[in-house]
Amino acid sequence: LNLSGNAQNINTFFQAFAAGTAYNKLKVHRTKLPPPPKHYGEMLKHPHKAGFQAALEKEYIDLVRKGTFEAVPKSETNGEPLIPTMEVFTYKFDEEGYLLRYKARIVVRGDLEPRSSYEDNYAATLAAKVFRALIAIAAYFDLEMKQLDAVNAFCNAQLHKPVFVRYPEGFGVPGMALKLLKALYGLRIAPLLWFTHLAVSLERLGLSPIGDTPCVFANNDLIVFFYVDD
């Protein structure tokens, strides 16, 4: 499975993944771990390189499967500047502070987006007082509550205009660029696109926004409230 021309083959990926998950068997506590790498180059020299590299491979494959972007020749970017991408690495721990897994995220350098692409990108967030009120109501009436996390949430929202970015380090193909099809993390417009996508989806399921609280939807049987976290 060769997804980028220079990406490691699937056997190497699984070997790296196995090596990375092997750390979990050692029950390493967060106090015994070095800081996560700050960038790709530092990751290549990190003591836990195998775990982070496996996480990065998984992140890239997940983005490909979700149709987040497509490869295009640089000649087809219509002169649009290529926005750099970067990798963000972190650890995930259990409740006792022991290592669960390694995490890597590929993001767009939104701080380097050309000013011509700036637009209204405000995404409503759930006010703290509204959250407290909803929790109090649920506790008083002994209502059932469930918490859900949307994995790679922003990548579910379609972009409404082309955005061209550079390949993440380690995956580049000479003469090629990536055309974003969905709202990858880091884009200034990404939180708003995800908010709009989720709101439309909830309305299609028969829920309606409540008053001037755009992050709260309800019908006769259900209340859904959410927040957008970039």
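In what follows, the structure referred to is the one given above.
Residues numbered from 1 in each chain as written. Predicted model: local features only at pLDDT ≥ 70, side-chain atom pairs only at ≥ 80, totals over all residues. Heavy atoms only, no water.

### Details of the packing of aromatic side chains
Scanning the entire structure with this criterion turns up twelve aromatic pairs. A centroid spacing of 5.2 Å and a plane angle of 50° characterise the contact between phenylalanine 52 and tyrosine 91, whose relative ring orientation is tilted. Placement of the pair is phenylalanine 52 in helix H3 (residues 49–65) and tyrosine 91 in strand E2 (residues 85–93), with a sequence separation of 39 residues. Taken individually, phenylalanine 52 and tyrosine 91 each receive the classification buried, so the pair is uniform in this respect. Ring geometry for tyrosine 91 and phenylalanine 93: centres 5.8 Å apart, planes at 45°, overall tilted. (Phe/Tyr/Trp six-rings, centres within 6.5 Å; stacked < 30°, edge-to-face > 60°. Helix = DSSP H or I, 4+ residues; strand = E, 2+ residues; numbered from the N terminus. Buried < 20%, exposed > 50% of the residue type's maximum accessible area, 1.4 Å probe, protein only.)

### Thoughts on the pattern of salt bridges
The tally for this structure, following the rule as stated, stands at three salt bridges. Across the pair aspartate 94 and lysine 27 runs a salt bridge, and its minimum N-O distance is 3.9 Å. Placement of aspartate 94 in the loop between E2 and strand E3 (99–108) and of lysine 27 in the loop between helix H1 (10–22) and helix H2 (40–43) is noted, with a sequence separation of 67 residues between them. Judged by its relative accessible area of 47%, lysine 27 falls in the partly exposed class. (Salt bridge = Lys/Arg side-chain N within 4 Å of Asp/Glu carboxyl O.)

### Focus: H3
For H3, spanning 17 residues, the distance from its first C-alpha to its last is 24 Å, which sits close to the expected 24 Å at 1.5 Å a residue. Buried within H3 we find Gly51, Phe52, Gln53, Ala54, Ala55, Leu56, Glu57, Glu59, Tyr60, Ile61 and Leu63. Immediately beyond the C-terminal end of H3, within one or two residues, lies glycine 67, with a positive phi of roughly 65°. (Expected span 1.5 Å × (residues − 1).)

### Quick word on the nonpolar core
Membership of the largest hydrophobic core comes to 53 residues, with the highest contact counts inside it found for Leu56, Leu159, Leu180 and Leu187. What leucine 56 contacts, discounting residues up to four positions off in sequence, is Tyr40, Met43, Glu87, Phe89, Ala104, Ile106 and Phe171. (Core = buried A, V, L, I, M, F, W, Y, C linked by side-chain atoms within 4.5 Å. Contact = heavy atoms within 4.5 Å.)

### With respect to the side chain of histidine 46
Mapped onto the secondary structure, histidine 46 falls in the loop between H2 and H3. You can call histidine 46 buried: its relative accessible area is 9%. In terms of polar contacts, histidine 46 uses its side chain to reach the backbone carbonyl oxygen of proline 35, at 2.8 Å. Beyond its immediate sequence surroundings of up to four residues, histidine 46 is in contact with Pro34, Pro35, Pro36, Pro37, Phe52 and Tyr91. (Polar contact = N/O pair within 3.5 Å; in protein donor to acceptor, adjacent residues only side chain to side chain.)

### Looking at the sheet that holds strand E6 (residues 208–210)
The antiparallel open sheet is built from three strands, whose spatial order is E6-E7-E8. A single partner strand is all that each edge strand has here, and the edge strands are E6 and strand E8 (223–225). Looking at each pair of strands side by side, their axes are set apart by 40° on average, direction ignored. The sheet contact formed by E6 and strand E7 (residues 213–218) spans three bridges and is antiparallel. (Pairing = 2+ DSSP bridges. Axes fitted to C-alpha atoms, helices over the stretch in contact; angles between N-to-C directions.)

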